[in-house]
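Descriptive analysis of the structure
Here are the chains, one letter per residue:
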Amino acid sequence: MIRVVFFDLGSTLIYFDASWLEVMPRAAAELTDALLRSGLNLPREDFTLRFLHRIQEYYQQRESEFIEYTTQRILQDLLAELGFFAPALLLRRALERFYGVTQSHWRAEEDAHPTLNLLLQQGRRLGLISNASDALDVHTLVDKAGLRGYFEQILISAEVGVRKPHPRIFQLALDYFGINPVEAVMVGDTLGADILGANQIGMRSIWITRRADTPDNRDHLDTIQPSATVATLAEIPPLLERWSSPSPESSA
């Protein structure tokens, strides 16, 4: 019996409606402008490019180490290397400008609310496990999409210090609900994070594919197998009902 359903957030419950290659430079420019207005005498274009490069380096690094640092730490370290000190409040305000640009492009999937409502009606409990380098950004996106009320627990890698598929973040989720892995399922769009992490700890996994055509997923198609594959969130409640129903062989 599946008692708890864990969801990924980005490209699972919400989707990005623009090109990251176009949005990220605008977001980084907003961050630089905020720092300049605070009194830091930074070279605008050079610092914006440096920050983008540092973020890209970090994104690549964390996919192999599964350690999650925060964007604030990355920004602080970059400024320190350039001889600038900025208090935490100033860094936070600059990051709010940065994430304000990206947040405007996230949208809730049309079937997110109906699916989550139906799962609650089935008696399931719900949790959220998100890989992200800024916890406040995730909380803002959750609230923007009106999703907070569905979830008893929201786990974010920036707060935990490790990323999916690291077993620790999944174990923390299970411990919160006081359940065994066989009583839970993970729903997500990323084979190498959501599906692999769930499989490794003994949870069932559901791969949602409508926004999953990425190079990383294509690399794992032959090596990471989900318990089930769906194209939409709406397919999940009936799938879990089928899993809960006894098979003809078991009832014979």
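Here goes a summary of the coordinates provided. Note that the structure is predicted; figures quoted are calculated from it, not measured.

Moving on, we come to the pairing of strand E4 (residues 125-130). Of all the six residues making up E4, five are buried; the element is thus mostly covered by neighbouring parts of the structure. Inspection of the sheet shows strand E1 (residues 4-7) paired to E4 by four bridges, in the parallel sense. The partner of Phe 6 across the bridge, within E4, is Gly 127. Of the strand pairs in this sheet, E4 and strand E5 (residues 153-156) are connected by four bridges, and their pairing is parallel. Counted as the bridge partner of Leu 128 is Ile 154 from E5.

With that out of the way, let us pick up the sheet that holds strand E8 (residues 228-230). Strand order in the open sheet formed by six strands is E5-E4-E1-E6-E7-E8, and the pairing between neighbours is parallel. At either margin of the open sheet sits one strand with a lone partner, and together these are E5 and E8. Ignoring strand direction, the axes of neighbouring strands in this sheet form an average angle of 20°. Bridge count for E1 against strand E6 (residues 184-188) is four bridges, and the pairing is parallel. Following the sheet pairing, Val 4 is matched in E6 by Ala 184. Across the sheet, helix H6 (residues 135-144) lies against E4 and E5, angled at about 140° from E5, the strand it touches most. Along the sheet face, helix H9 (residues 191-201) touches E6 and strand E7 (204-208) and points at about 160° away from the line of E7.

So, on to the pattern of salt bridges. Evaluated as defined, the whole model comprises 22 salt bridges. For Lys 164, the salt bridge goes to Asp 8, with nearest N and O atoms at 2.9 Å. Taken together, the positions of Lys 164 in the loop between helix H7 (157-160) and helix H8 (167-177) and Asp 8 in the loop between E1 and strand E2 (14-16) put the pair 156 residues apart, joining distant regions of the chain. Across the pair, exposure class does not vary: Lys 164 and Asp 8 are buried alike.

Conventions used here
- Residues numbered from 1 in each chain as written.
- Predicted model: local features only at pLDDT ≥ 70, side-chain atom pairs only at ≥ 80, totals over all residues.
- Heavy atoms only, no water.
- Buried < 20%, exposed > 50% of the residue type's maximum accessible area, 1.4 Å probe, protein only.
- Helix = DSSP H or I, 4+ residues; strand = E, 2+ residues; numbered from the N terminus.
- Pairing = 2+ DSSP bridges.
- Axes fitted to C-alpha atoms, helices over the stretch in contact; angles between N-to-C directions.
- Contact = heavy atoms within 4.5 Å.
- Salt bridge = Lys/Arg side-chain N within 4 Å of Asp/Glu carboxyl O.

On their own, these measurements won't tell you what the molecule is for.
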